[in-house]
Every structure is written in structure tokens, then in C-alpha cells.
Amino acid sequence: MNTYLSTIKKDSKAQISIEFIAGFGLFMLVVTYVIYTAIMVFPKYFDESNENANREEAWTLSVEVMDYLKNSTKVDNQSLTSLSRCTIYHHFDASSKANYSYFKSLFNVDGSNNFRITIKSNPVVITDNAKGQNKTGNMTIEGIEYEFELFNTTSSRYDSVSVSDGATVVIPDENGIVQLGGDTFSVEKIDSRGKFVILGMDFVDCGKYAPMRGMSSKITRFITYNNWITSIDVVYW
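Fair warning: this is a prediction, and the values are worked out from it, not measured in the lab.

1. Side note on the side chain of Ser-231
Within the element layout of this structure, Ser-231 appears in strand S14 (residues 228-236). Sequence-distant contacts of Ser-231, that is, excluding residues within four places in its chain, are made with Thr-118, Ile-119, Lys-120, Thr-220, Arg-221 and Phe-222.

Now the structure itself:
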């Protein structure tokens, strides 16, 4: 009888030990799963939070830049000239460092954050006047009227443009540059059907290069300068 009871007690202890080990193992499995899930999920939410914060700061900076540049509904030339003095940041260029620091403080950018601001105008010349097989259009820049004549060189599509002020003629390539009224323009696009030419004029390239790796946000705003479509790109990180 005593032997039987002893056997039952041993079996009970063994069963309790097995149940305890099984329960503890299940508990550890759950804990491990929770920790693994947290490790996988939390960085995602952390990155999203940082991304949202960066985008909000980029938006705020773009508002600051717009307020600085605008005089009513137009671009203030004096402010634009002032901002154009801020060039690409170079560590060994005291002038670029000083100008960048000045505008960083002016636009209330935190010391640990950085930015790059680029401003570009894109005048569009409508070329819907026929001149034989060519197409022409005119644009006045700084009081000088220029004629833009589109023509083709190797096919039926228009791929070249000549620009004349009545005295001189220049023929820039697409993506080439041309001096008009003392300003430098790039030829951004020649419409293959001969309906328009899009020029480009860079006003501002201010700040640091955004890191290849890391989080940054870009905001693009539009305004008119001299009745030209002008884009303001703000990159913040």
C-alpha cells in the first residue's frame, strides 16, 4: 500500500514538473514572440514618426522661404537677390558657410538639421506662327524682344531652335545654354510638334547636399517671377 502511494506521489510530481516545464516553455515562447514583434514593429513606427516630423519641418521651412521671397503676390527682387548669395555649402569656403548659417538662423532651422533650397524659373515661349516650314514665337526679356524659330535638321520633328534679337542669331542645342538680356538660360525642351520652347533659369541653389542615406523630405512650391512659372524646392533633413 505504501509502495502504491509512493508511486502515485512520484507520478504526480513528475506530472507537475512536466506541466510546469510545458507552461514555462509556452510562456517564454509568448515573451519571445512579443519581443520579436516589438523589435520588428517599433522601428517602423519610429521611422514613420521621424518622417512625419521631417515633413512638417520641411513644410514650415517652405512657408518661411515663401514669406521671405514674396512681396504681396510677386517675388521681391531684393529678397531673391539676397537669397541667391547663399550658395552650396563648402566646409573650406568661409563665405558659403557664413551665408548658410545666416539663412539657417533666419529661417529658424534647428542646429542639428540642414536644408537645401533651389529656385528655378521656366519661361515658356509659344511658337505657333508659321515661317515657311518653321515655327516662330517671341518673348521680351529685359526690354529686348527675341524671336525663337524652331526647325528640324534630320527628321520631320522639330529638334532645333534659333534665337535672334534682330542683330545676332544663336542656335543652342536642347539642354544647351543661351545668354538673353544678360541672363543665362538653358533650353529645357523643344516641342517636337513645334508648338513651344521651354527655357530654364536658375536663381538659387543654397545649402547642403542631402545625404545619400538617411531621411529627408522635399516640398515643392510654385510662384511667378516676371510672369514665368517658378518652382521652389525645399529639401530638409
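Back to the text.
2. Examining the packing of aromatic side chains
For the structure on display, the rule yields 9 aromatic pairs. Taking the centre distance of 6.0 Å and the plane angle of 85° together, the rings of Tyr-68 and Phe-103 count as edge-to-face. You can see Tyr-68 sitting in helix H1 (residues 2-69) and its partner Phe-103 sitting in helix H3 (residues 94-106), a full 35 residues away along the chain. Ring centres of Tyr-68 and Phe-107 lie 5.8 Å apart, and the angle between their planes is 85°; this geometry places the pair in the edge-to-face category. Placement of Tyr-68 in helix H1 and of Phe-107 in the loop between H3 and strand S3 (115-122) is noted, with a sequence separation of 39 residues between them. Look at Tyr-68 and you get partly exposed, because its relative accessible area is 21%. Every member of this aromatic cluster is reached through a ring pair, and the members are Tyr-68, Tyr-102, Phe-103 and Phe-107. Directly above the ring of Tyr-89 sits Lys-208, whose terminal nitrogen or CZ lies 4.4 Å from the centroid.

3. Overview of the environment of Ile-119
Relative to the helices and strands, Ile-119 is located in strand S3. In this structure, the C-alpha to C-alpha distance between Ile-119 and Asp-233, residues 114 residues apart in sequence, is 6.4 Å. What Ile-119 contacts, discounting residues up to four positions off in sequence, is Leu-69, Leu-80, Leu-83, Met-201, Asp-202, Phe-203, Val-204, Thr-230, Ser-231 and Ile-232.

4. Re the state of the cysteines
Applying the stated rule across the entire model yields 1 disulfide. One disulfide bridge connects Cys-86 with Cys-206, the sulfur atoms lying 2.0 Å from each other. Handedness here is read from the sign of the S-S torsion; for Cys-86 and Cys-206, about 60°, the answer is right-handed. Placement of Cys-86 in the loop between helix H2 (77-84) and H3 and of Cys-206 in strand S12 (residues 196-207) is noted, with a sequence separation of 120 residues between them. A single burial state applies to Cys-86 and to Cys-206, both of which are buried.

5. Focus on the nonpolar core
In this structure, Ile-119, Phe-148, Leu-180 and Ile-232 are the most contacted members of the largest nonpolar core, which totals 42 residues. Residue contributions to this core peak at 6 residues, all from S12. What Phe-148 contacts, discounting residues up to four positions off in sequence, is Val-125, Thr-127, Lys-135, Thr-136, Gly-137, Met-139, Val-161, Ser-162, Val-163, Leu-180 and Leu-199.

6. Regarding H2
Owing to its 3.6 residues per turn, the α-helix brings residues three or four apart onto one side. Of the residues making up H2, those classed as buried are Ser-79, Leu-80, Ser-82 and Leu-83. All buried residues of H2 fall inside an arc of 160° around its axis, so they share one side.

7. Looking at the sheet that holds strand S7 (residues 144-151)
Hydrogen bonding along the main chain pairs the strands of a sheet, whether they run parallel or antiparallel. Read from one edge of the open sheet, 5 strands run S5-S6-S7-S8-S9, paired in antiparallel fashion. Edge positions in the sheet fall to strand S5 (129-131) and strand S9 (169-170), since each has one partner strand and no second. Pairing of strand S8 (residues 160-164) with S9, which is carried by 2 bridges, proceeds in the antiparallel orientation. Directly across from Val-163, in S9, lies its bridge partner Val-170.

8. Brief notes about a nonpolar patch on the surface
On the surface, a cluster of nonpolar side chains totalling about 530 Å² of accessible area is made up of Leu-26, Leu-29, Val-30, Tyr-33 and Val-34. Relative to the helices and strands, Val-34 resides in helix H1. Since its relative accessible area comes to 48%, Val-34 is described here as partly exposed.

9. Quick notes on the pairing of S12
In this sheet, S12 lies alongside S3 in antiparallel orientation, the contact comprising 6 bridges. Bridge pairing in S12 links Arg-116 to Gly-207. When strand S4 (residues 124-126) meets S12, the two strands line up antiparallel, connected through 3 bridges. Of the residues in S12, the one forming a bridge with Ile-126 is Phe-196. Bridge count between strand S11 (residues 183-190) and S12: 4 bridges; the pairing is antiparallel. Counterpart to Ile-190 in the pairing with S12 is Val-197. Turn length for the S11-S12 hairpin, with the two strands adjacent in sequence and antiparallel, is 5 residues, and the turn residue Gly-194 shows positive phi of about 85°.

Cut-offs applied
- Residues numbered from 1 in each chain as written.
- Predicted model: local features only at pLDDT ≥ 70, side-chain atom pairs only at ≥ 80, totals over all residues.
- Heavy atoms only, no water.
- Helix = DSSP H or I, 4+ residues; strand = E, 2+ residues; numbered from the N terminus.
- Contact = heavy atoms within 4.5 Å.
- Phe/Tyr/Trp six-rings, centres within 6.5 Å; stacked < 30°, edge-to-face > 60°.
- Buried < 20%, exposed > 50% of the residue type's maximum accessible area, 1.4 Å probe, protein only.
- Lys NZ or Arg CZ within 6 Å of the ring centre and 35° of its normal.
- Disulfide = S-S within 2.5 Å.
- Core = buried A, V, L, I, M, F, W, Y, C linked by side-chain atoms within 4.5 Å.
- Arc of directions from axis to C-beta.
- Pairing = 2+ DSSP bridges.
- Patch = residues over 30% accessible without salt bridge, like charges linked within 9 Å, V, L, I, M, F, W, Y side chains within 5 Å.
- Areas by Shrake-Rupley, 256 points an atom, 1.4 Å probe, with all protein chains shown as cover.
- Salt bridge = Lys/Arg side-chain N within 4 Å of Asp/Glu carboxyl O.

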